[in-house]
Amino acid sequence: MTAPQDRASTLVNAWQTELPDVLDATTELSKRIMLLAADLDEATRRELPEFGLTPAQFGVLVALRRAGAPYRLKPTELSRALLLSSGGTSNITNHLVAEGLAERLPDQGDGRGTLISLTARGVQVAEDAVRANAAAHAEVWRGAPAAAIEAATLALREIAAATENPRPRRSARGGG
């Protein structure tokens, strides 16, 4: 008995026909992860308008909330945590400050530096948005057996640990 066709199987089968030499043991796993990531991203994006947030603003709010009380980080820490440029972080922060969700405070440890901190309203919006996001993600996973989710989590944890160290990029044309 063959497995039912789903989005990932359809993609892999098409590449099997068109360019079979590009497939390897990780192809189907990669496609499934990419499709699930897109589904989760879409679920998040559907929730954010209720809070008046863009994905980038949501990222900053949750990074600050995740930092724990007093919910503040240096701009460089925020940029690193979110993989944003300093200019991008500054633009997002400016908007959050204008909306009363965050504030800039002097860094007592560095007279020239500042800290980005959530306001009380920012903490509340961050927590509400995280709860809505978690519920939306749970809806994506609805119907998946708990044992399968646990097994997949353990397997992906092992794969992530094995692939944590960055590898040098290979040129698609060889040589280098």
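The structure under discussion appears in the preceding block.
Residues numbered from 1 in each chain as written. Predicted model: local features only at pLDDT ≥ 70, side-chain atom pairs only at ≥ 80, totals over all residues. Heavy atoms only, no water.

> I'd love a proper account of the pattern of salt bridges, names of residues and values included.
Tallied over the entire structure, the rule returns eight salt bridges. For the salt bridge of arginine 45 with aspartate 41, the shortest nitrogen-to-oxygen distance reads 2.8 Å. Of this pair, arginine 45 and aspartate 41 both sit in helix α2 (residues 27-47), four residues apart, which is roughly one turn of that helix. By relative accessible area, arginine 45 is classed as partly exposed at 42%. Close ionic contact of glutamate 139 with arginine 142 constitutes a salt bridge, the shortest N to O distance being 2.6 Å. By relative accessible area, which is 44% here, glutamate 139 ends up partly exposed. When its relative accessible area of 62% is taken as the criterion, arginine 142 is described as exposed. What emerges from the salt-bridge pattern is a single network uniting Asp6, Glu28 and Arg32. (Salt bridge = Lys/Arg side-chain N within 4 Å of Asp/Glu carboxyl O. Helix = DSSP H or I, 4+ residues; strand = E, 2+ residues; numbered from the N terminus. Buried < 20%, exposed > 50% of the residue type's maximum accessible area, 1.4 Å probe, protein only.)

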